[in-house]
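The lines below spell out each chain.
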Amino acid sequence: MDFNMKKLASDAGIFFTRAVQFTEEKFGQAEKTELDAHFENLLARADSTKNWTEKILRQTEVLLQPNPSARVEEFLYEKLDRKVPSRVTNGELLAQYMAEAASELGPTTPYGKTLRTVAEAEKRLGAAERDFIHTASISFLTPLRNFLEGDWKTISKERRLLQNRRLDLDACKARLKKAKAAEAKATLWNDEVDKAEQELRVAQTEFDRQAEVTRLLLEGISSTHVNHLRCLHEFVKSQTTYYAQCYRHMLDLQKQLGSFPGTFVGTTEPASPPLSSTSPTTTAATMPVVPSVAGLAPPGEAALCLEEVAPPASGTRKARVLYDYEAADSSELALLADELITVYSLPGMDPDWLIGERGNKKGKVPVTYLELLS
């Protein structure tokens, strides 16, 4: 019992001494041992790494799970060491609604068929999103969390110990200075100075040892950067895979929707308003349309006869292909990303399509795959 009381009293005395030293330093009444420039740079880089890791981690969590309530719930499950419940992604939920709407509104109607087709695509998109979230969480978020909750806590603990050792060292320096001043006035025995010098040597040794431990941990931040770099590559890889899957799914969906006959049957309004000869702004912003072309009938009445289609005398434009496109049938022109083709519009064409020419080949091309050049 007496030992415990003495230890508590000793700890309280040390804490008080450190508090006094820290306060006097703040008011400029005591000298402070400064760390070397290299050590200060290591501290600054460690703090910067920690701060940016936290920001990147939090924003990545927002990217993967935009719902704040869901993020809080996942955080609580992790803290309770319980498995996070599986959630339906937004794409999967949309697919469910579309499928149910198709069943109720008529699965054999054009609208119902399209709903079912889009629902299947949305379901695949939702599954791809789920895989991306899972992969990104394991390969990117987990290592960042491990650094903040593991390595960084160790570094912070050793830095606090170093701070205490420095305060002890400076307090010993202050006591030795006072002892020497008192000795000069012949008010203290020589053994008081010897005691202060001994305490200073011990404090200096402990400070140097702790500084070396802390320095090694801070230099380990370079290894942390290397690890986070590898994880960043994994994150980009998973994100690239996800977007590639989305692109393929949507390309397949576009082809399926484009192959549906009479998608807009029953629509009484024209697909696009007629061009006004009194509006030069509208005319300039729209692909030029030739007055008439033999062999081309309004949509739904006759197929496009490519052999009889000729480019207009004026009004053709160059276009750069943005993505690869595989022709669905002989009336379409297959495209390769970054190639240049000549395009023009014809009367009665769907505004989402143009006629494209490359050498002696021609066919319909989707506008969304093109960048029209002036």
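As a reminder, the structure under discussion sits directly above these lines.
Everything numeric here is computed off the predicted structure, so don't read it as measured data.

Peer 1: What am I meant to see in the overall build of the protein here?
Peer 2: In terms of helices and strands, the protein carries 8 helices and 5 strands. Overall, the protein shows an N-to-C arrangement of helices and strands of α-α-α-α-α-α-α-α-β-β-β-β-β. Looking at the protein as a whole, 30% of its 374 residues are labelled buried. The contacts of the protein with a sequence gap of at least 6 include a subset with a gap of at least 24, amounting to 68%. Taken as a whole, the protein presents about 24,400 Å² of accessible surface, with 57% of it coming from carbon and sulfur.

Peer 1: Explanation requested: the nonpolar core in the structure shown.
Peer 2: Soluble globular proteins tend to pack their nonpolar side chains together in the buried interior. F39, F132, F140 and L218 are the most contacted members of the largest nonpolar core, which totals 34 residues. Every element with two or more residues in this core is listed here: α2 (37-64), α5 (110-184), α6 (190-219) and α7 (221-258). Here this core takes 16 residues from α5, the largest share from any one element. Filtering out sequence-adjacent residues up to four positions away, L218 remains in contact with F39, L42, L43, R45, A46 and I155. Counting residues in each nonpolar core, the second largest holds 17 residues, with L333, Y344, W353 and I355 among its members.

Peer 1: How should I be thinking about the packing of aromatic side chains in this particular structure?
Peer 2: Any pair of aromatic rings gets described here by the distance separating the centres and the angle formed by the planes. A complete count under the given rule lists 9 aromatic pairs for this structure. Ring centres of F132 and F235 lie 6.2 Å apart, and the angle between their planes is 35°; this geometry places the pair in the tilted category. A residue pair is termed long-range when its members are at least 10 positions apart, and F132 in helix α5 and F235 in helix α7 qualify at 103 residues. Considered together, F132 and F235 belong to a single accessibility category, that of buried residues. On the basis of an interplanar angle of 50° and a centroid distance of 6.3 Å, the ring pair of F147 and W152 is categorised as tilted. These aromatic residues form a ring-pair network of at least three members: F132, F140, F235, Y242 and Y243. The ring of Y325 has K255 lying over it, and the distance from NZ or CZ to the ring centre is 5.9 Å.

Peer 1: Even after reading the chapter, I still don't get the environment of Y242, so can you show me in this structure?
Peer 2: Topologically, Y242 is positioned in helix α7. On the basis of relative accessible area, Y242 is assigned to the buried category, the value being 14%. In this structure, the C-alpha to C-alpha distance between Y242 and A128, residues 114 residues apart in sequence, is 6.1 Å. Setting aside anything within four residues of it in sequence, one finds Y242 in contact with L125, A128, E129 and F132.

Peer 1: Mind showing me how you'd approach the pairing of strand β1 (residues 317-321) here?
Peer 2: As a general feature of sheets, a regular strand has side chains that alternate between the two faces. Alignment of β1 against strand β2 (residues 340-344), held across 4 bridges, turns out to be antiparallel. Bridging across to β2, R320 finds its partner in L340. Relative to strand β5 (residues 370-372), β1 runs antiparallel, the two sharing 3 bridges. When the bridges of β5 are listed, V321 appears paired with L370.

Peer 1: I'm lost on the sheet that holds strand β3 (residues 353-358) in this one. Help?
Peer 2: Strands in a sheet are paired, the pairing made by backbone hydrogen bonds, and the direction either parallel or antiparallel. Here 5 strands make up an open sheet; going across it, the order is β4-β3-β2-β1-β5 and the pairing antiparallel. Taken across any chain shown, the strands that pair with only one partner, and hence form the sheet edges, are β4 (361-366) and β5. Taking each pair of neighbouring strands and ignoring which way they run, the sheet shows an average axis angle of 40°. The pairing of β2 with β3 spans 3 bridges and is classified as antiparallel. Residue T342 lies in a different strand from β3, and its bridge partner there is E357.

Thresholds, definitions, all that
- Residues numbered from 1 in each chain as written.
- Predicted model: local features only at pLDDT ≥ 70, side-chain atom pairs only at ≥ 80, totals over all residues.
- Heavy atoms only, no water.
- Helix = DSSP H or I, 4+ residues; strand = E, 2+ residues; numbered from the N terminus.
- Buried < 20%, exposed > 50% of the residue type's maximum accessible area, 1.4 Å probe, protein only.
- Contact = heavy atoms within 4.5 Å.
- Areas by Shrake-Rupley, 256 points an atom, 1.4 Å probe, with all protein chains shown as cover.
- Core = buried A, V, L, I, M, F, W, Y, C linked by side-chain atoms within 4.5 Å.
- Phe/Tyr/Trp six-rings, centres within 6.5 Å; stacked < 30°, edge-to-face > 60°.
- Lys NZ or Arg CZ within 6 Å of the ring centre and 35° of its normal.
- Pairing = 2+ DSSP bridges.
- Axes fitted to C-alpha atoms, helices over the stretch in contact; angles between N-to-C directions.

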